[in-house]
Amino acid sequence: MAESNFRRALLMSEGFYSIFIASPIAWVFLVLTLITLLGPVVGDAIKKKRKA
């Protein structure tokens, strides 16, 4: 389902990936995704720095 919607969005935008970052809600989801993915890595780095 996600793949078909991804394909549909690309077809509507004529192949431009910028459609995925064009709206403010897309930016919110992008930032939340980055926080979710990078949060543990940054947290571990901060903990290691405090111990050293």
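Quick look at the structure, then. (Residues numbered from 1 in each chain as written. Predicted model: local features only at pLDDT ≥ 70, side-chain atom pairs only at ≥ 80, totals over all residues. Heavy atoms only, no water.)

1. Notes on the overall build of the protein chain
Scanning the protein chain from terminus to terminus reveals two helices and zero strands. Taken against the 2.2 N^0.38 rule, which gives 10 Å for 52 residues, the C-alpha radius of gyration of the protein chain at 17 Å runs more than 25% over that of a compact globule. For the C-alpha atoms alone, the extent of the protein chain along its principal axes is close to 50 × 20 × 15 Å. Sorting the 52 residues of the protein chain into buried and exposed places 8% on the buried side. (Helix = DSSP H or I, 4+ residues; strand = E, 2+ residues; numbered from the N terminus. Rg over C-alpha atoms; globule rule 2.2 N^0.38 Å. Buried < 20%, exposed > 50% of the residue type's maximum accessible area, 1.4 Å probe, protein only.)

2. Description of unusual backbone geometry
Phi at Glu14 is positive, roughly 60 degrees, even though this residue is not glycine. Looking at the element boundaries, Glu14 is found in the loop between helix 1 (2-12) and helix 2 (24-51). For Glu14, a relative accessible area of 68% puts it in the exposed group.

3. With respect to the packing of aromatic side chains
Counting across every chain of the model gives three aromatic pairs. A centroid spacing of 6.4 Å and a plane angle of 40 degrees characterise the contact between Tyr17 and Phe20, whose relative ring orientation is tilted. The class for Tyr17 is exposed, based on a relative accessible area of 55%. Here Phe20 falls in the partly exposed class, since its relative accessible area comes to 30%. Ring pairing ties together the aromatic residues Phe6, Tyr17 and Phe20, which thus form one cluster. (Phe/Tyr/Trp six-rings, centres within 6.5 Å; stacked < 30°, edge-to-face > 60°.)

4. Remarks on the environment of Leu32
Along the chain, Leu32 turns up in helix 2. With 19 residues separating them along the chain, Leu32 and Ser13 place their C-alpha atoms 24 Å apart.

Honestly, that's just the spatial picture; any functional story needs more than this.
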